[in-house]
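The primary structure of each chain is shown beneath.
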Amino acid sequence: VTGGLFILRRDSAGHGVPYVVMTCDNRRRGAVQLRGDLAHAGPVEITARGVTFSAETILEDPSRGVGPIAEGKGYFAPDWFHALSAADVVTVSSGGRVFEAPGPGAAADHYKRYCTTLEKRQRN
């Protein structure tokens, strides 16, 4: 079981399309999935209010039929969730591309609660 947070990109019709998906195993460790033209093998950085989550991504098998996807795991900085919830803008850098999205606000608080719940389950 993992928790998740979607960072959306608007398509030409104005609909939100998942572009960056963050998951967690607990409050210390998480993963990122990059989609579309952000999907590159190599380092990715997601920055919110000067706090950065970093991971090394690998390209997934394109035969999954959902377009390009890159995934990687990393560790959250101690103040990651607070920075994410307070951020006006979240910046994602991958493969020389930079994507900026509005901060997730209260959704980041829900994400933190879920990751905390997963951590408590692992201890029991």
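Keep in mind the model is a prediction, meaning the values are calculated, not measured.

(A) Region of interest: the pattern of salt bridges. Per the counting criterion, the structure on display carries three salt bridges. Between R9 and D37 there is a salt bridge whose closest N-O contact spans 3.6 Å. Pair noted here: R9 is in strand β1 (residues 3-10) and D37 is in the loop between β3 (29-35) and β4 (42-48), with a separation of 28 residues, a long-range link. Owing to a relative accessible area of 32%, D37 belongs among the partly exposed residues under this scheme. When the shortest N-O distance is used, the salt bridge between R29 and D25 registers 3.8 Å. What emerges from the salt-bridge pattern is a single network uniting R9, D37 and R97.

The rules behind these values
Residues numbered from 1 in each chain as written. Predicted model: local features only at pLDDT ≥ 70, side-chain atom pairs only at ≥ 80, totals over all residues. Heavy atoms only, no water. Salt bridge = Lys/Arg side-chain N within 4 Å of Asp/Glu carboxyl O. Helix = DSSP H or I, 4+ residues; strand = E, 2+ residues; numbered from the N terminus. Buried < 20%, exposed > 50% of the residue type's maximum accessible area, 1.4 Å probe, protein only.

On their own, these measurements won't tell you what the molecule is for.
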